[in-house]
Amino acid sequence: KEWARAHGTLFHMHSSEEPDTTAWFYQQYLYSPVGYLQQAGVLDDMTILAHQVNNTPVDLAILKETGTNIVHNPLANTILGSGMPPVIEMLKMGIPVAISTDGSGSADNQNMLSAARLASQYQKAYHKDARLLTAQQVLEMVTVVPAKMLRLNTGILSAGKDADLILIDLRRPNLTPTRIDNVVENLIWAADGSEVRWVIANGKLLKDDYRFLTLDEEKIRCDIQQ
């Protein structure tokens, strides 16, 4: 973290993911991981903690006070049986929360739309409130919010922003909108990820009308099977 501060870079680590590991940390250091990181001077608005599933009220207060950023990985958290962080409480407190996937070893895929959908569905069911984490909100939690956390000049379509964007095929039956306001709803609740027709990264075309321009798809499939 000292090196990161000296070089003006972000600092990222996983924290408080699995309950057994978190409990061991308490026994070993007499602090929660968050309390330990605060004592070590690690937490600030340039620090990003992945998972942060297990929290005490004191932990949440520390995260709020220090401006620490949280990345929620619902796919990995459910597959591994780790539990879920108190996302709604974090958001109400003003703690920045983005949604991501974790690695393929634990999340099994890198489908950001699936991650956004699961994050919302879980919180709606857990809190018994269908109004929580709307489609628009979780869409922003995989675009606008992480771009801000990572200090990237992207996240929204606007003049002067880097040209990082995808185009979705709304002709697919599952995405055909019945009204303008359910375009985003369909994207979050009904998309499977295969509807991405074009991908542009920093102005460079990577996927053109479903065709990958920088990847040898057949070779990748053969390598996987071998």
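Our subject in this report is the structure included herewith. (Residues numbered from 1 in each chain as written. Predicted model: local features only at pLDDT ≥ 70, side-chain atom pairs only at ≥ 80, totals over all residues. Heavy atoms only, no water.)

## Remarks on helix α8 (residues 112-127)
An ideal rise of 1.5 Å per residue puts 22 Å on 16 residues; α8 measures up with 23 Å between its terminal C-alpha atoms. Three or more residues of α8 are buried, namely Leu113, Ser114, Ala115, Ala116, Arg117, Ala119, Ser120, Gln123 and Lys124. Considering only its buried residues, α8 is in contact with β3 (69-72), α5 (74-79), α6 (87-93), β4 (97-99), α9 (135-140) and α11 (183-189). The backbone nitrogen of Leu113 lies 3.0 Å from a side-chain oxygen of the residue at the head of α8, namely Asn111. Just past α8, the residue Lys128 takes up positive phi, approximately 55°. (Helix = DSSP H or I, 4+ residues; strand = E, 2+ residues; numbered from the N terminus. Expected span 1.5 Å × (residues − 1). Buried < 20%, exposed > 50% of the residue type's maximum accessible area, 1.4 Å probe, protein only. Contact = heavy atoms within 4.5 Å. Polar contact = N/O pair within 3.5 Å; in protein donor to acceptor, adjacent residues only side chain to side chain.)

## Digging into a nonpolar patch on the surface
Judged by side-chain polarity, Trp24, Tyr29, Tyr31 and Tyr36 come together as a nonpolar surface patch covering roughly 400 Å² of accessible area. Mapped onto the elements, Trp24 comes out in helix α2 (residues 19-29). (Patch = residues over 30% accessible without salt bridge, like charges linked within 9 Å, V, L, I, M, F, W, Y side chains within 5 Å. Areas by Shrake-Rupley, 256 points an atom, 1.4 Å probe, with all protein chains shown as cover. Salt bridge = Lys/Arg side-chain N within 4 Å of Asp/Glu carboxyl O.)

## Some thoughts on the nonpolar core
Membership of the largest hydrophobic core comes to 33 residues, with the highest contact counts inside it found for Leu63, Ile70, Met90, Ile99, Val138, Met141 and Ile188. Of all the elements in the fold, those that place two or more residues in this core are α3 (33-39), α4 (57-66), α5, α6, β4, α8, α9 and α11. Broken down by element, the residue count for this core peaks at four residues, all from α8. The residues contacting Met141, other than those within four sequence positions of it, are Val87, Leu91, Val97, Ala98, Ile99, Leu133 and Pro146. (Core = buried A, V, L, I, M, F, W, Y, C linked by side-chain atoms within 4.5 Å.)

## Section: unusual backbone geometry
At Arg151, a residue that is not glycine, the phi angle is positive and equals roughly 60°. Residues other than glycine seldom take positive phi values, yet Tyr210 does so here, at roughly 80°. The residue Tyr210 is located in the loop between β7 (204-208) and β8 (211-212) in this model.

## Regarding the packing of aromatic side chains
Here the structure, examined in full by the defined rule, presents six aromatic pairs. Between Trp24 and Tyr29 the ring centres are 6.1 Å apart and the planes differ by 85°, which places this aromatic pair in the edge-to-face class. Judged by its relative accessible area of 44%, Trp24 is partly exposed. Residues Phe25 and Tyr36 carry aromatic rings whose centres are separated by 5.4 Å and whose planes lie at 85° to one another, so their mutual orientation is edge-to-face. (Phe/Tyr/Trp six-rings, centres within 6.5 Å; stacked < 30°, edge-to-face > 60°.)

## Details of the sheet that holds strand β1 (residues 11-15)
Strand order in this open sheet of four strands is β1-β2-β3-β4, and the pairing throughout is parallel. Both edges of this open sheet fall to β1 and β4, since each of them pairs with a single strand only. Across the sheet, the mean angle separating the axes of adjacent strands is 25° when strand polarity is ignored. Of the strand pairs in this sheet, β1 and strand β2 (residues 47-51) are connected by five bridges, and their pairing is parallel. (Pairing = 2+ DSSP bridges. Axes fitted to C-alpha atoms, helices over the stretch in contact; angles between N-to-C directions.)

## Quick word on the side chain of Glu17
Mapped onto the elements of the fold, Glu17 is located in the loop between β1 and α2. One buried charged side chain, Glu17, makes no salt bridge at all; its nearest oppositely charged neighbour is Lys1, positioned 20 Å away. Within polar-contact distance, the side chain of Glu17 engages the side chain of His51 at 3.4 Å. (Lys, Arg positive; Asp, Glu negative; His and termini not counted.)

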